[in-house]
Amino acid sequence: MGPHPAVAAIRLAVRRVLHDILTDDSRHSRTAGERAGGRIGVRLARPAGGLPVVPEILEIPEQTPNERPPSPLVLVACSGGADSMALASALAFEAPKLGIRAGGITVDHGLQPGSDLRADEVVLRLRELGLDPVESITVTVGRDGGPEAAARDARYAALDAALERHGGTAILLGHTRDDQAETVLLGLARGSGIRSLSGMAAVSGAGGRYRRPFLQLDRQTARKACMVQALPVWDDPHNADPAYTRSRLRHEGLPALEKALGKGVVEALARTAQLSRDDADALDTWASQAEASVRDAAGLLECAKLYALPPAVRRRILRRAAIEAGAPAGSLFARHIEEVDRLITGWRGQGAINLPGKVVAQRQGGRLVIRQG
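What you are looking at is a predicted structure, and each value in this text was computed from that prediction instead of being measured.

An ideal rise of 1.5 Å per residue puts 18 Å on 13 residues; helix α2 (residues 82-94) measures up with 18 Å between its terminal C-alpha atoms. Burial analysis of α2 places 12 of its 13 residues in the buried class, which makes it a mostly covered element. Burial in α2 covers these residues: A82, D83, S84, M85, A86, L87, A88, S89, A90, L91, A92 and E94.

The subject of this paragraph is the side chain of E182. As for its position among the elements, E182 is in helix α5 (residues 177-190). Classification of E182 by relative accessible area gives buried; the value is 0%. When neighbours within four sequence positions are excluded, E182 is seen to be in contact with R219, R246, L249, R250 and L254.

On to the packing of α5 against helix α9 (residues 265-291), then. The interhelical angle for the contact between α5 and α9, taken along N-to-C directions, is 70 degrees, at an axis separation of 8 Å. Overall, the two elements α5 and α9 adopt an arrangement that is roughly perpendicular. Considering only the axes of α5 and α9, their crossing is left-handed. Residues R177, D178, Q180, A181, V184 and L185 of α5 lie in contact with α9, whose contacting residues are V266, E267, L269, A270 and A273. Considering only residue class, the contact of α5 with α9 consists of seven nonpolar, one polar and three charged.

If you look at helix α8 (residues 245-261), its biggest bend is around 30 degrees, right at H251, and the proline P255 turns up within four residues after that. Of the positions making up α8, those classed as buried are S247, L249, R250 and L254. Taken together, the buried residues of α8 touch α5, α7 (219-228) and α9. Where α8 ends, the next residue or the one after it, G262, has phi of about 95 degrees, a positive value.

Bringing the sheet that holds strand β6 (residues 170-172) into the picture now. If you walk across this open sheet you meet the six strands as β5-β4-β3-β6-β8-β7, and the pairing is mixed. The outermost strands of the open sheet, each flanked by one partner alone, are β5 (134-138) and β7 (203-204). α2 contacts β3 (73-77), β4 (101-108) and β6 of the sheet and is inclined by roughly 160 degrees relative to β3. Across the sheet, helix α3 (residues 115-128) lies against β4 and β5, angled at about 170 degrees from β4, the strand it touches most.

On to the nonpolar core, then. Nonpolar side chains in soluble globular proteins tend to be buried together. Core analysis: the largest hydrophobic core is formed by 35 residues, its most contacted members being L18, L91, L131, L172 and F214. Those elements giving two or more residues to this core turn out to be α1 (5-36), β3, α2, α3, β6 and α7. Judged by nonpolar contacts, the second largest core, of 26 residues, contains C303, L309, L318 and A361.

This next bit is on the pairing of β4. Counting buried positions along β4 yields seven of eight residues, so the element is predominantly enclosed. As judged from the five bridges shared by β3 and β4, these two strands associate in the parallel manner. Following the sheet pairing, A77 is matched in β4 by I105. Once you follow β3 into α2 and on to β4, the crossover reads as right-handed. For β4 and β5, the ladder comprises five bridges, and the chain directions are parallel. Considered in β5, the bridge of I105 is made with E135. This β-α-β element, β4 to α3 to β5, shows right-handed connectivity.

Basis of the calculations
Residues numbered from 1 in each chain as written. Predicted model: local features only at pLDDT ≥ 70, side-chain atom pairs only at ≥ 80, totals over all residues. Heavy atoms only, no water. Helix = DSSP H or I, 4+ residues; strand = E, 2+ residues; numbered from the N terminus. Expected span 1.5 Å × (residues − 1). Buried < 20%, exposed > 50% of the residue type's maximum accessible area, 1.4 Å probe, protein only. Contact = heavy atoms within 4.5 Å. Axes fitted to C-alpha atoms, helices over the stretch in contact; angles between N-to-C directions. Parallel < 35°, antiparallel > 145°, perpendicular 65-115°, else oblique. Left-handed = near helix turned anticlockwise from the far one by under 90°. Nonpolar A, V, L, I, M, F, W, Y, C, P; charged D, E, K, R; others polar. Bend = angle between axes of the 7 residues up to and from the residue. Pairing = 2+ DSSP bridges. Core = buried A, V, L, I, M, F, W, Y, C linked by side-chain atoms within 4.5 Å. Right-handed = clockwise from strand over helix to strand, strands pointing away.

The following block contains the structure:
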């Protein structure tokens, strides 16, 4: 008799991602080996027609007998909640079968009394699953961008540092299809454009270090998998606190949408995220290719050439130029880019536009100049 359907689903999702990690790791190792080169040899080539023998230089890759590359290390970020505990259990089950080392990281944000004890419990549970290395990291949460954003920034910084410290290849995150739907709705509420509607990527971070195996699975599947495996889980009280926007959306907004529109809203929003991501990626590629054609010999943006581009492409070029000039990406909103865009499409002699990071955009002699003020 096979495993419970919920357990089978989470294991399959993790197995697929681990296969992708192995493929990427193998490709990276092969490319690195090609860059490193090998021994130099000589082969004597005898041309036809009685011509003299010609020595041919060959590069022979170095090979050490019985030497195998180290197994990749994959870590799971685990809060102790149902989603991440289900992910940790699936990683512990699947990784050894593929020759992958598996470890776990839990981050203590210090935002609740007893959070250090909770982190210690998570460490114990991860070790009981057979994960190694396992580590608890305490972070200090700042204030920039609000409590949710500040906690997220501190958490990812800690995870990045842990991956480097342990020499890991990737970190698995337990975001589910429900989390994806919430992210899409939050982006829609901000009016931030198609990239914001694309939600969370299955692969993200420097070098594709973050992987999200559960984006096609609902939250209930992860919780069911924990229940049938008798895995203890911790329900973060912040997830039910109406002071947090995502919590209100989860417990009030989405249920109201499902009541008004019927079941299937979460699946539709997740599908919207993927379609939006595909479109956004295509537009980003177009903008990247078009950027060189709208700059003059000095590298300045030419307004007439920018005007000829479709708005979606043009605004991507403007956003990239502002970020390169020093505007923080997280503080650069659609309304900022729209104001800069008017210097091209609605030029009436208006003055400079102030952007975050003390960056200034202004039109000078048919050129758009974006620089530190």
